[in-house]
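Reading the structure
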Amino acid sequence: MVLASTPKVVLGCVAFCIFWVLAVFPSVPFMPVGRTAGSLLGAMLMVLFRVMTPEEAYAAIDLPILGLLFGTMVVSIFLERADMFKYLGSMLSWKSRGSKDLLFRVCVVSAVASALFTNDTTCVVLTEFILKVARQNNLPPQPFLLALASSSNIGSAATPIGNPQNLVIAVESGITFGQFLIGVFPAMIVGVLTNTCILLCYFWRYLSVEKDQEGGTATGPEVVADEEVTSHRFTPARMSHASSVNGDIDCISEPVRRSESMNRVDALRSRSYNSEGDIQVAIRSLRASSLSREMVEVSTVCERRDEGPRKITRSTSHQRSVIIEDAPEQPDTNGFDGDEKEKGDEVKQKRWKVLVWKYAVYLTTLGMLAGLLLGLNMSWTAITAALVLLALDFTDAQACLEKVSYSLLIFFCGMFITVDGFNKTGIPNTLWELVEPYSRIDSAKGVALLALVILVLSNVASNVPTVLLLGTRVAASAAAISPASEKKAWLILAWVSTVAGNLTLLGSAANLIVCEQARRAQFFGYNLTFWSHLRFGVPSTIIVTAIGLLIVISY
């Protein structure tokens, strides 16, 4: 493809540069409109500058990718409501044998979760939990935050639903879920283990002392209680914390209702604490307030006058045990015991409904994964699973659908149009023709050069635009060698573009999520700097990419 006319080339480059600046630096001083508006601006300029027609712009939007992304978002929302991520978080601290064991668990859990629920979602739901666990065990947060971000990126390379660029590759290449998994999963396992070893070697001294080396002072007494760790809840699809915490019964009846105790949470968190004593007082106050509101359906507790039996009532929201003193037995004059029995039966029935609903969510998710492994259409499989979950909820779907990150879907629409318009200028094809003869995957030098190009471009232009720009060109070059080489080229692109996100803090959205979530966390916030990430990211990315490439090209 030759270059387009000079005006079209210049205007197309201007539109693409504006998109690139706003996508990589969403808060630039001269136009702090964010990534979503930046992608729409780039798409609009491509049409206004007549680089492409409106019809071509509409045709550039890849609906199968958007459908797959939407479906996985909805499934993630229901898994969060069914406490799947709470259970994953509990695995980190269950019978932990020390700091190094905890670091290993963070790497493994985040990698597996990212392969199934996307890396961005995993980072959202686990960042603050990991900070709490580190604080509880008097450990420095930096190794665990780096483990979460890097392992999430590596783990997400294993499946087409692990990250957005893999979605694009799976749809564009036609590679089935099973073929993708077989081709990249071994590299992912070895990559996660290698990354864990690098983390342990790099932070061995930090993990061997019960002191926050970066802060310079030992951490104080245990501030984060076990209940606070195990009961933390998130909203994954919006990449932000949930504004309310719904109990298990609310998952069935009223998913958007805020309890009074959560209003107390917001009030407490909006204050400024000056010491750990203030934090502990706030936690005790909050816990007492929560316990007073979480006693299930008990309207009156008589004063205890004589020693009598006790009963234990479990709240349905966080499964805490609340001891209620029973009054001495008295004659049933007003039918009080009958009301108690009816309420107890009603609570038991609600718990069974919640349990059945949770199992339905898990089975539907497993059915979606089974359908993907069987080679069914990935977009419609994910959308079908999402609609089944919405139907099983037996409530208005608006509350759930409001949690979907529509801004991300709109960002993809604008990006599809902008990248397609930039392709029409002929510049990407001209540059690829200069590199292509030296980057064929039938030689070790060619694979190394191709990996270097993908690695650099993924950190300069971001990984999804890199895949959109290089995907068809890399595949066409490999198809000239053999049909098997074409599939291998797509898998190489998936592996390198994903692991490339570990190079710098700006290389992946998951990195930025971990950084922002950690910085804004209440009570135990931590600032993960660009240079602290770079010192670990450069050697880890180079080593993991190289080892993984050896496995992928042998597929």
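Further up the page is the structure itself.
Residues numbered from 1 in each chain as written. Predicted model: local features only at pLDDT ≥ 70, side-chain atom pairs only at ≥ 80, totals over all residues. Heavy atoms only, no water.

**A few points about the side chain of Thr381**
Mapped onto the fold, Thr381 is located in helix H16 (residues 378–392). A distance of 2.6 Å separates a polar side-chain atom of Thr381 from the backbone oxygen of Asn377. Apart from residues lying up to four places away in sequence, Thr381 is in contact with Met368, Gly371, Leu372 and Leu376. (Helix = DSSP H or I, 4+ residues; strand = E, 2+ residues; numbered from the N terminus. Polar contact = N/O pair within 3.5 Å; in protein donor to acceptor, adjacent residues only side chain to side chain. Contact = heavy atoms within 4.5 Å.)

**Looking at the nonpolar core**
Ranked by size, the top nonpolar core spans 133 residues in total, and within it Phe144, Phe412 and Trp495 carry the most contacts. Ranked by residue count, the leading element in this core is helix H4 (residues 63–81), at 10 residues. Beyond its immediate sequence surroundings of up to four residues, Phe412 is in contact with Ile65, Leu66, Leu69, Pro164 and Val464. (Core = buried A, V, L, I, M, F, W, Y, C linked by side-chain atoms within 4.5 Å. Buried < 20%, exposed > 50% of the residue type's maximum accessible area, 1.4 Å probe, protein only.)

**Re the packing of helix H18 (residues 406–424) against helix H21 (residues 463–479)**
Remark: H18 packs on H21, axes separated minimally by 10 Å, with the N-to-C direction vectors making an angle of 45°. Between H18 and H21, the angle falls in the class oblique. Along this stretch, H18 crosses H21, giving a crossing that reads as right-handed. Taking contact as the criterion, the partners of Phe412, Met415, Phe416, Val419, Phe422 and Asn423 in H18 are, on H21, Val464, Pro465, Leu468, Leu469 and Arg473. A class-by-class count of the residues in the contact of H18 with H21 yields nine nonpolar, one polar and one charged. (Axes fitted to C-alpha atoms, helices over the stretch in contact; angles between N-to-C directions. Parallel < 35°, antiparallel > 145°, perpendicular 65-115°, else oblique. Left-handed = near helix turned anticlockwise from the far one by under 90°. Nonpolar A, V, L, I, M, F, W, Y, C, P; charged D, E, K, R; others polar.)

**Looking at the packing of helix H10 (residues 177–202) against helix H24 (residues 530–552)**
Two numbers describe a pair of packed helices, the interaxial angle and the distance between the axes. At a minimum axis separation of 9 Å, H10 and H24 run at an interaxial angle of 150°. Viewed along their axes, H10 and H24 adopt a mutual orientation that is roughly antiparallel. Considering how the two elements wind past one another, H10 and H24 form a crossing that is right-handed. Residues Gly183, Pro186, Ala187, Val190, Gly191, Thr194, Asn195, Ile198, Leu199 and Tyr202 of H10 form the contact with H24, whose own contacting residues are Arg535, Phe536, Ser540, Ile543, Val544, Ile547, Gly548, Ile551 and Val552. Its residues assigned to classes, the contact of H10 with H24 comprises 12 nonpolar, six polar and one charged.

**Quick word on empty space enclosed by the protein**
Going through the model one piece at a time under the given rule, you end up with five cavities of 30 Å³ or more. Within this model, the second largest cavity holds a volume of roughly 80 Å³. Lining the second largest cavity, in full, are Thr72, Val75, Ser76, Leu79, Leu116, Phe117, Thr118, Ile161, Thr365, Met368 and Leu369. Of all elements in the fold, only H4, helix H6 (99–117) and helix H15 (336–373) reach the threshold of two or more residues within the lining of the second largest cavity. (1 Å grid on protein atoms, 1.4 Å probe; cavity = no way out; pocket = protein on both sides within 12 Å on 5 of 7 lines; lining within 4 Å. Points joined across faces, edges and corners; volume = space filled by probe spheres on them.)

**With respect to the packing of aromatic side chains**
Here the structure, examined in full by the defined rule, presents nine aromatic pairs. Arranged with centres 5.9 Å apart and planes meeting at 50°, the rings of Phe16 and Phe19 form a pair that is tilted. In this pair, Phe16 and Phe19 both sit in helix H1 (residues 6–24), three residues apart, roughly one turn of the helix. The residues Phe16 and Phe19 share a single accessibility class, namely buried. Connected via pairs of aromatic rings, a cluster forms that spans Phe16, Phe19, Phe411, Phe412, Phe416 and Phe422. Above the plane of the ring of Trp204 lies Lys100, whose end atom (NZ or CZ) is 4.5 Å from the centre. (Phe/Tyr/Trp six-rings, centres within 6.5 Å; stacked < 30°, edge-to-face > 60°. Lys NZ or Arg CZ within 6 Å of the ring centre and 35° of its normal.)

**A look at a nonpolar patch on the surface**
Taken together, the side chains of Phe104, Val108, Val112, Leu116, Phe185, Ile189, Val190 and Leu193 define a hydrophobic patch exposed on the protein surface, amounting to about 590 Å² of accessible area. Those elements giving two or more residues to the nonpolar patch turn out to be H6 and H10. Judged by relative accessible area, Val190 falls into the partly exposed class, the value being 30%. (Patch = residues over 30% accessible without salt bridge, like charges linked within 9 Å, V, L, I, M, F, W, Y side chains within 5 Å. Areas by Shrake-Rupley, 256 points an atom, 1.4 Å probe, with all protein chains shown as cover. Salt bridge = Lys/Arg side-chain N within 4 Å of Asp/Glu carboxyl O.)

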